[in-house]
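Each chain, written out:
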Amino acid sequence: LMDNQFRIPGTNIRFGLDFIIGLFPYLGDLATFGISGILLIMMARYGASGMVVVKMLGNILLDTVVGLVPFLGDLFDLKFKSNTRNVRLLKEHYQEGKHGGSARGVVLLILGALLGLFVFVVWLSWTVMAWFWGMMFTT
């Protein structure tokens, strides 16, 4: 429903509600992010491994971030289909036993990168403010 419900006549191009809702700038992309997020939470509650949840979240975030770019994001939605990818991940996880295990290492790496980014932004802000403050009161 979200990725492949409809077809452009005369072509093999399929699209779903993700593409249609995403045509509304920003609000549509955030709405489809919310829908995909709810599905992700449901899968996590029903026993999907940490690794498959992280991979699914990566698909959702990539779809959302690129989807926020006007026009390019809409074209990306026609091709990427994060929900279809996530269904494939779940089938591989439950039927074939792939993507198992904990995602603790990946999560810690992401949290470390975010912490580093936060420290950098604070340092940069402090440096710019100090420079600005010095410029205002020395001239």
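Cut-offs and rules
- Residues numbered from 1 in each chain as written.
- Predicted model: local features only at pLDDT ≥ 70, side-chain atom pairs only at ≥ 80, totals over all residues.
- Heavy atoms only, no water.
- Phe/Tyr/Trp six-rings, centres within 6.5 Å; stacked < 30°, edge-to-face > 60°.
- Buried < 20%, exposed > 50% of the residue type's maximum accessible area, 1.4 Å probe, protein only.
- Axes fitted to C-alpha atoms, helices over the stretch in contact; angles between N-to-C directions.
- Helix = DSSP H or I, 4+ residues; strand = E, 2+ residues; numbered from the N terminus.
- Parallel < 35°, antiparallel > 145°, perpendicular 65-115°, else oblique.
- Contact = heavy atoms within 4.5 Å.
- Nonpolar A, V, L, I, M, F, W, Y, C, P; charged D, E, K, R; others polar.

A. Representation of the packing of aromatic side chains. What the rule picks out here adds up to four aromatic pairs. Judged by centre distance (5.6 Å) and plane angle (40°), the rings of F6 and F15 are tilted. For F6, a relative accessible area of 34% translates into the label partly exposed. Under the relative-accessibility criterion, F15 is labelled buried at 16%. Put simply, the rings of F6, F15 and F19 touch in pairs and so form one group of aromatic residues.

B. Region of interest: the packing of helix α2 (residues 27-45) against helix α3 (residues 50-67). Taken N-terminus to C-terminus, the directions of α2 and α3 make an angle of 175°; their axes are 10 Å apart at the nearest point. As judged from the angle between their axes, α2 and α3 are roughly antiparallel. Residue-level inspection shows D29, F33, S36, G37, L40, M43 and A44 of α2 in contact with α3, the latter providing V53, M56, L57, I60, L61, T64 and G67. Residues of the contact of α2 with α3, tallied by class, amount to nine nonpolar, four polar and one charged.

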